[in-house]
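# Remarks on the overall topology
As a plain string of letters, each chain reads:
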Amino acid sequence: MKQKILSIFLIGLISLAFFNCSEVQDEITQTPILEGVHPEGFGKLGSDDFHSFKLQSTNWDLVQCQKCHGADYSGGTVNESCLDCHSSSAGPEACNTCHGVFADDTKIAPPTDISNNYETSSKGVGAHSSHVYESDLSNGYSCFTCHPSNVGNGDFVKAHIDGLPAEMSISGYSFSNLTCENNYCHGNFEFKKTDVDPDFAFIYKADVITGENFTPKWNRVDGTQAACGTCHLLPPRGHLLEGTDPEAETCASNNCHPSAFNEDGTLNKFTHANGEKNLN
């Protein structure tokens, strides 16, 4: 009898607990979509509250954007797409979102650095365009020529965003002086006489032909550091004609370096400063 009463009591206790839990569950409401989460100027270019500044303060943590706007930034829980403005195929993760030209996704190197500077005197801008897009002296260099290609877990965008200053994979760059030194492309080279075909040994006045190992200032973009003869003399030291003062076109004459120049006499940027000795 006692056991029967105890069973009835337990059944009643369990039923009461279930009822109370159900009542609590019924009272749970969905979290409302909050308005006014971002300040008024969050989407206005030029505002102190523009979202690029907020992202910079969080080291460009785009995961926070994805929590509300969706993994693909197309709207998410707030039904507000980022892709109306960030219309590149990669959306907000496009390279030109943070640096480059926002309206042109083929221009991913500054002008316009991650602090919205566009003057070449700014260290984040400097000679980027001169090296990547606008050089008349050489073919455009890849970003990875100077910066490491961090890929992390296959997500380059998130892997390479690890704070300032930007990492450099090229040696000889001084963050304090904003200078580049001891690099081939600015004249740190020597071509040994013993390394060339004997038929070309006559062009050597010394045992080696050397460059000037010029140290350019990164944020001085006025043309003074790109003049012919800056990185190597015309002709270079150790060259048969060292000490003479020929016209630049002489380099292409006499069947010596014709591939270094175009038919109109301008420098062929694909064969100049390409790491090879193009003698003919």
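A count of helical and extended segments in the protein gives seven helices and four strands. The linear arrangement of helices and strands in the protein, starting from the amino end, is α-α-α-α-α-α-α-β-β-β-β. Looking at the protein residue by residue over its 280 residues, the buried ones come to 23%. In the protein, of all internal contacts separated by at least 6 residues, the share reaching a separation of at least 24 is 39%. Summed over its atoms, the accessible surface of the protein is roughly 18900 Å², and 56% of this surface lies on carbon and sulfur atoms.

Moving on, we get to unusual backbone geometry. With omega at -10°, the peptide bond leading from leucine 234 into proline 235 counts as cis. Here proline 235 lies in the segment after β4 (208-210). Here the phi dihedral of threonine 112 falls at roughly 75°; this positive angle occurs in a residue that is not glycine. Looking at the element boundaries, threonine 112 is found in the loop between α4 (95-98) and α5 (128-132). Residue threonine 112 is classed as partly exposed on the basis of its relative accessible area of 29%. The phi dihedral of asparagine 182 is positive, around 60°, even though this residue is not glycine. In this fold, asparagine 182 is placed in the loop between β2 (179-180) and β3 (190-192). The partly exposed category is assigned to asparagine 182, whose relative accessible area is 43%.

Take the environment of proline 39 next. Along the chain, proline 39 falls in the loop between α1 (2-26) and α2 (51-57). For proline 39, a relative accessible area of 38% corresponds to the partly exposed category. Along the backbone, proline 39 and histidine 51 are twelve residues apart, and their C-alpha atoms lie at a distance of 9.1 Å.

This paragraph deals with the packing of aromatic side chains. The description of two aromatic rings rests on the distance between their centres and on the angle between their planes. Counted by the stated rule, this structure contains four aromatic pairs. Considering the side-chain rings of phenylalanine 144 and phenylalanine 156, the 5.7 Å spacing of their centres and the 80° angle between planes classify their relative orientation as edge-to-face. Residue phenylalanine 144 is found in helix α6 (residues 143-146), and its partner phenylalanine 156 is found in helix α7 (residues 156-160); the two are separated by twelve residues along the sequence. Judged by its relative accessible area of 43%, phenylalanine 144 falls in the partly exposed class. Accessibility expressed as a relative area gives 26% for phenylalanine 156, which makes it partly exposed. Judged by centre distance (5.2 Å) and plane angle (90°), the rings of tyrosine 173 and phenylalanine 175 are edge-to-face.

Right, let's get into the environment of alanine 90. Structurally, alanine 90 is set in the loop between α3 (63-69) and α4. For alanine 90, a relative accessible area of 39% translates into the label partly exposed. Separated by 18 residues in sequence, alanine 90 and aspartate 72 place their C-alpha atoms 8.9 Å apart.

In this model, the protein carries a mean pLDDT of 82, and residues with pLDDT of at least 70 account for 81%. Per-residue pLDDT stays below 50 along residues 13-33; that stretch engages in two contacts with residues further than four places along the chain or on separate chains.

It is worth spelling out the nonpolar core at this point. Judged by nonpolar contacts, Leu55, Trp60, Leu62, Tyr73, Cys82, Val157 and Ile161 together constitute the single largest core of seven residues. Contacts of tyrosine 73, omitting those with residues within four sequence positions, involve Leu62, Cys65, Gln66, Ser81, Cys82, Leu83, Pro92 and Glu93.

Measuring from C-alpha to C-alpha, the distance between asparagine 182 and threonine 215 comes to 7.5 Å, with 33 residues separating the pair along the chain. Each residue touching asparagine 182, except ones within four places of it in the same chain, is listed here: Asn188 and Asn213. At a separation of 2.9 Å, a polar atom in the side chain of asparagine 182 contacts the side chain of asparagine 213.

Working definition of a disulfide: a covalent bond connecting the sulfur atoms of two cysteines. This structure, assessed with the given rule, holds zero disulfides. For the unlinked cysteine cysteine 95, the closest cysteine sulfur is that of cysteine 143, found at 6.8 Å. For cysteine 95, a relative accessible area of 35% gives the class partly exposed. Considering cysteine sulfurs only, cysteine 180 is the nearest to cysteine 185, which forms no disulfide, with 6.0 Å between them. Owing to a relative accessible area of 28%, cysteine 185 belongs among the partly exposed residues under this scheme.

Calculation criteria
- Counting starts from 1 at the beginning of each chain's written sequence and moves along it residue by residue.
- Since the coordinates come from a predicted model, pLDDT governs what is reported: local features require at least 70, and pairs of side-chain atoms require 80 or more to be given and counted, while whole-chain, interface and lining totals use all residues.
- Side-chain measures were taken over the full set of non-hydrogen atoms in the model, leaving aside hydrogen atoms and water.
- By the criteria applied, helices consist of DSSP H or I runs no shorter than four residues and strands consist of E runs no shorter than two, each listed in order from the N terminus.
- Accessible area is worked out with a 1.4 Å probe on protein chains only. A residue is then buried under 20% of its type maximum, exposed over 50%, and partly exposed in between.
- Contacts are assigned to residue pairs that have any heavy atoms within 4.5 Å of one another.
- The protein chains shown are the only cover counted for residues, whose accessible areas, like all others here, come from Shrake-Rupley with a 1.4 Å probe.
- Side-chain rings of Phe, Tyr and Trp (the six-membered ring for Trp) are treated as a pair once their centres are within 6.5 Å; stacked means planes under 30 degrees apart, edge-to-face means over 60, and tilted covers the remaining angles.
- In predicted models, pLDDT denotes the confidence assigned by the predictor to each residue on a 0 to 100 scale.
- Joining through side-chain atoms within 4.5 Å is the link that ties buried Ala, Val, Leu, Ile, Met, Phe, Trp, Tyr and Cys residues into a set, and such a set is a nonpolar core.
- Think of a polar contact as two N or O atoms within 3.5 Å of one another; within protein, one of them needs to be a possible hydrogen donor and the other a possible acceptor, and neighboring residues in sequence only count if both atoms come from side chains.
- Only a pair of cysteine sulfur atoms within 2.5 Å counts as a disulfide in this structure description.

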